[in-house]
Amino acid sequence: MYIRSYKEEDAPILRDLFWNTVHTVNAVDYTMIQLDAWAPVEYDRNAWNQRFLDHTSFVVENDGHIVGFGDMDAQGYLDRLFVHKDHQNEGIGTMLCDALEALATKRVITQASITAKPFFEYRGYRYIQKQIVYVRGVAMENYWMEKIIL
């Protein structure tokens, strides 16, 4: 397994990984209506790619296959962190978080899903606030969390 920077040609692969992971791993904590709002079949391909280009974005490869990705903006907002549904608990999320956190100067903040909250807590992130967000008109619970970088 190794980590590398995002390339534009990764976009459709990351989109498939995202959709499959949300609809499988996050299904324990969210309803099908919520999952479909969070990761709909249709999406804006250009906007998806642009967010990766606007952020520091990494992917993890294993035997030539992308098994995870993460991205963070210049202010330390960890936007997305997803690990392939078939590669959970293999250290991929840790590898991505380590690389992204190493770039932060003061703190990293994120909006963690119900599913991801224990992962971030284990990494030393502190719960700030529970919130209800509306994605495509559907209410979803998540958590603002932060990690102070010393």
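In what follows, the accompanying structure is described. Just so we're clear, the structure is a prediction, and the values are computed from it rather than from any experiment.

What counts and what doesn't
Residues numbered from 1 in each chain as written. Predicted model: local features only at pLDDT ≥ 70, side-chain atom pairs only at ≥ 80, totals over all residues. Heavy atoms only, no water. Helix = DSSP H or I, 4+ residues; strand = E, 2+ residues; numbered from the N terminus. Buried < 20%, exposed > 50% of the residue type's maximum accessible area, 1.4 Å probe, protein only. Polar contact = N/O pair within 3.5 Å; in protein donor to acceptor, adjacent residues only side chain to side chain. Contact = heavy atoms within 4.5 Å. Axes fitted to C-alpha atoms, helices over the stretch in contact; angles between N-to-C directions. Parallel < 35°, antiparallel > 145°, perpendicular 65-115°, else oblique. Nonpolar A, V, L, I, M, F, W, Y, C, P; charged D, E, K, R; others polar.

## Some words on the side chain of Arg 80
Consideration 1: Residue position: Arg 80 is located in strand β4 (residues 77-83).
Consideration 2: According to the relative accessible area criterion, Arg 80 is buried, its value standing at 4%.
Consideration 3: Polar side-chain contacts of Arg 80 include one of 2.9 Å to the side chain of Asp 71.
Consideration 4: Apart from the residues lying within four places of it in its own chain, the contact partners of Arg 80 are Trp 48, Arg 51, Phe 52, Phe 69, Gly 70 and Asp 71.

## Description of unusual backbone geometry
Consideration 1: Phi is positive for Asp 63, which is not a glycine, with a value near 50°.
Consideration 2: The residue Asp 63 is located in the loop between β2 (56-62) and β3 (65-72) in this model.
Consideration 3: The phi torsion at Asn 89 lies on the positive side, around 60°, for a residue other than glycine.
Consideration 4: Its place among the elements puts Asn 89 in the loop between β4 and α4 (92-101).
Consideration 5: Accessibility expressed as a relative area gives 82% for Asn 89, which makes it exposed.

## Some points on the side chain of His 55
Consideration 1: Looking at where His 55 falls in the secondary structure, it is placed in the loop between α3 (45-54) and β2.
Consideration 2: When near neighbours in sequence (up to four residues on either side) are disregarded, His 55 contacts Asp 71, Met 72, Asp 73 and Asp 79.

## Quick look at the packing of helix α1 (residues 11-24) against α3
Consideration 1: Orientation of α1 relative to α3, taken along the N-to-C sense of each, is 100°, at an axis distance of 10 Å. On the basis of the axis angle, α1 is roughly perpendicular to α3. Of the residues in α3, those in contact with Ala 11, Leu 14, Arg 15 and Phe 18 of α1 are Trp 48, Asn 49 and Phe 52.
Consideration 2: Across the contact of α1 with α3, the residue classes tally to five nonpolar, one polar and one charged.

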